[in-house]
Every structure is written in C-alpha cells, then in structure tokens.
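Residue strings, one per chain:
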Amino acid sequence: MTDELDPPVRDLADIPAVEVISRAAVMLMSSAAEKLGLAEDTPNSGAGVDLDEARRVITALAGLVTSSVEYLGPHAGPIREGLQALQRAFREASSVPDAPGQGPGEKYTGPVH
C-alpha cells in the first residue's frame, strides 16, 4: 500500500536528459551556496564557509553548464545566471580574490566580474 503523499518513484530511464542535467546543476548550486555560507540566516558570517570546497563545486558546475548548454533550452539562462552569481559571491568571500579568469570555473565560462 502506497501513501498518497509520497510522490511516485520514476525510473531514471524515463526522465528526460534536460531534467537530469538541470537537477544536477541545482544540486551543485545548492552545495556551492552552502559552502559559501549563503544559505545561512546570516550570510557571509564565516560559519560553515569552505572556499576550497566551494571552488571545486563551482568549477564542476561550470563544466556541466558549459558542456550541456545546447541541451538546456530555456533553462540555460537561469542556470548560467546562478553560476555567475556564485562565481561573484566566491570572489567577494575571498580575502585575496583570484585574478580575472582564474576564479572557480572561469576557465570554462571566461572571466566573471
């Protein structure tokens, strides 16, 4: 007997690629926001901030977005904007910001100012 409140489980083969890619991008964005301290009640308070981890997740997100942009259709714009916002937040959180073009994921996206 299934609970009516539980969403039905979908077979991964039945989920369109654009949905899988978009969900992966959202997961990476959420992780980066957490590691930058943006998801806290008092953003940029320093608690829970891990710039090394944030750099890795943002770079992975940039690689995913850059390599799959042609498949994202109308989702591409908002996902790119989210990526750029995270790249700018990283730059602001860094005590010694990276040179333009050297920030997380910028080798894939180009410099973000």
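First things first, this report covers the structure right here in the doc. Every value quoted in this text rests on a predicted model; they were computed, and no experiment measured them.

**Considerations on the overall build of the protein chain**
- Regarding its fold elements, the protein chain presents 4 helices and 0 strands.
- The order of α-helices and β-strands along the protein chain, N terminus first, is α-α-α-α.
- Summarising its shape, the C-alpha atoms of the protein chain cover approximately 55 × 35 × 20 Å along the three principal directions.
- Looking at the protein chain as a whole, 28% of its 113 residues qualify as buried.
- Within the protein chain, residue pairs in contact and separated by at least 24 positions form 54% of the contacts whose partners lie at least 6 positions apart.
- Of the accessible surface of the protein chain, which amounts to about 7300 Å², a share of 56% is contributed by carbon and sulfur atoms.

**Description of helix α3 (residues 76-93)**
- End to end, α3 covers 26 Å across 18 residues, agreeing with the expected 26 Å (1.5 Å per residue, within 8%).
- Every buried residue of α3 is accounted for by Ala76, Ile79, Gly82, Leu83, Leu86, Gln87, Ala89 and Phe90. One face of α3 carries all of its buried residues, which in axial projection span an arc of 160°. With respect to the buried face of α3, the exposed residues turned more than 90 degrees away are Pro78, Glu81 and Glu92.
- If you follow the buried residues of α3, they end up packed against α1 (17-35), α2 (51-72) and α4 (106-109).

**Points about the packing of α1 against α3**
- Relative orientation of the contacting elements α1 and α3 amounts to 20°, with a least axis distance of 11 Å. Taken as axis vectors, α1 and α3 run roughly parallel relative to one another. Note on packing geometry: the crossing formed by α1 with α3 is left-handed. The segment α1 lies against α3, with Ser22, Ala25, Met29, Ala32 and Ala33 engaging Ile79, Gly82, Leu83 and Leu86.
- Looking at side-chain class alone, the contact of α1 with α3 contains 7 nonpolar, 2 polar and no charged residues.

**Side note on the nonpolar core**
- Counting residues in hydrophobic clusters, the biggest one holds 19 residues, and the most contacted among them are Leu36, Ile58, Leu61, Ile79, Leu83 and Leu86.
- Tallying contributions element by element places α2 first for this core, with 7 residues.
- Those residues in contact with isoleucine 58 that sit more than four places away from it in its chain are Ala32, Leu36, Leu83, Leu86, Gln87, Phe90 and Pro104.

**With respect to the side chain of serine 22**
- Looking at the secondary structure, you find serine 22 in helix α1.
- Setting aside its immediate chain neighbours within four residues, serine 22 contacts Leu72, His75 and Ile79.

Criteria and thresholds
Residues numbered from 1 in each chain as written. Predicted model: local features only at pLDDT ≥ 70, side-chain atom pairs only at ≥ 80, totals over all residues. Heavy atoms only, no water. Helix = DSSP H or I, 4+ residues; strand = E, 2+ residues; numbered from the N terminus. Buried < 20%, exposed > 50% of the residue type's maximum accessible area, 1.4 Å probe, protein only. Contact = heavy atoms within 4.5 Å. Areas by Shrake-Rupley, 256 points an atom, 1.4 Å probe, with all protein chains shown as cover. Expected span 1.5 Å × (residues − 1). Arc of directions from axis to C-beta. Axes fitted to C-alpha atoms, helices over the stretch in contact; angles between N-to-C directions. Parallel < 35°, antiparallel > 145°, perpendicular 65-115°, else oblique. Left-handed = near helix turned anticlockwise from the far one by under 90°. Nonpolar A, V, L, I, M, F, W, Y, C, P; charged D, E, K, R; others polar. Core = buried A, V, L, I, M, F, W, Y, C linked by side-chain atoms within 4.5 Å.

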